[in-house]
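Overview (structure and organization)
Residues per chain, in single letters:
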Amino acid sequence: MYAADPGDHEALLDTFLEEQGEWQKYRTWEDSTTIANHESLTLRAIFDHDAENRETKWTFAAYETPVSDRLWHGTGTASTPTAVVSALPTR
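Structural notes, computed from the coordinates. (Residues numbered from 1 in each chain as written. Predicted model: local features only at pLDDT ≥ 70, side-chain atom pairs only at ≥ 80, totals over all residues. Heavy atoms only, no water.)

What about the overall build of the protein chain?
The line we're drawing: Strands here are runs of E lasting at least two residues and helices are runs of H or I lasting at least four, both read from the DSSP assignment and numbered beginning at the N terminus. Each residue gets one of three labels from its accessible area relative to the maximum for its type: buried under 20%, exposed over 50%, partly exposed in between, using a 1.4 Å probe on protein chains only. Residue burial considers only the protein chains on display, and all accessible areas are found by Shrake-Rupley using a 1.4 Å probe. Charged residues are defined here as Lys and Arg on the positive side and Asp and Glu on the negative side; His and the ends of the chain fall outside this count. In this description, the location of a charge corresponds to atom NZ of lysine, CZ of arginine, CG of aspartate or CD of glutamate.
Of the regular secondary structure elements, the protein chain holds two helices and five strands. The secondary structure elements of the protein chain, listed N-terminal to C-terminal, are α-β-β-β-β-β-α. Principal-axis analysis of the C-alpha atoms gives the protein chain an extent of 40 × 25 × 25 Å. Counting over 91 residues, the protein chain shows a buried share of 38%. When the accessible surface of the protein chain is split by element, carbon and sulfur atoms take 49% of a total near 5900 Å². Seen as two clouds, the 7 positive and the 16 negative side-chain charges of the protein chain have centres 3 Å apart.

Considering the packing of aromatic side chains
The following threshold applies: Stacked, tilted and edge-to-face are the three classes applied to pairs of Phe, Tyr and Trp rings, where Trp contributes its six-membered ring and a pair requires centres within 6.5 Å; stacked means planes under 30 degrees apart, edge-to-face means over 60, and tilted covers the rest.
A complete count under the given rule lists three aromatic pairs for this structure. Each ring, one from phenylalanine 16 and one from tryptophan 23, has its centre 5.2 Å from the other, and the planes form 70 degrees; the classification is edge-to-face. The residues phenylalanine 16 and tryptophan 23 share a single accessibility class, namely buried. With centroids separated by 5.6 Å and ring planes inclined at 5 degrees, the aromatic side chains of tryptophan 58 and phenylalanine 60 adopt a geometry described as stacked. For tryptophan 58, a relative accessible area of 5% corresponds to the buried category.

Focus: the pairing of strand E5 (residues 70-77)
Threshold: Note: two strands are recorded as paired if DSSP finds a minimum of 2 bridges between them.
When strand E4 (residues 56-63) meets E5, the two strands line up antiparallel, connected through seven bridges. Bridge pairing in E5 links tryptophan 58 to glycine 76. Counting the residues between successive antiparallel strands, the hairpin from E4 to E5 contains six residues.

Things to note about the side chain of lysine 57
We apply this condition: Within this document, salt bridges are pairs made up of a side-chain nitrogen of Lys or Arg and a carboxyl oxygen of Asp or Glu, the two lying within 4 Å of each other. Any two residues whose heavy atoms approach within 4.5 Å at even a single point are treated as in contact.
Tracing the backbone shows lysine 57 in strand E4. Among buried charged residues, lysine 57 stands out as having no salt bridge; its nearest opposite-charge side chain is glutamate 10, 4.8 Å away. Leaving out residues up to four positions away in the same chain, lysine 57 has contacts with His9, Ile46, Phe47, Asp48, His49, Ala51, Gly76, Thr77 and Ala78.

Honestly, it's all geometry; don't read function into it.
Quick look at the structure:
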């Protein structure tokens, strides 16, 4: 169990996209999801605006090439502290 407050995940998404110029934001046909793709097209972050409590709010994925199968993925819930979430796409 995390001892830290989860923080504001919406603000984290906005700040990340503002500070990381090599990432681009896309909204899907479904308003509850935002996808951020790295300019290499080998890294992706999916953010679920409607996730609550222990539901998956973040999914991060890495690919060898833009058209290959996924190599790695990790998820974070709405209760995961933003300090933990913010470390994943910047490393």
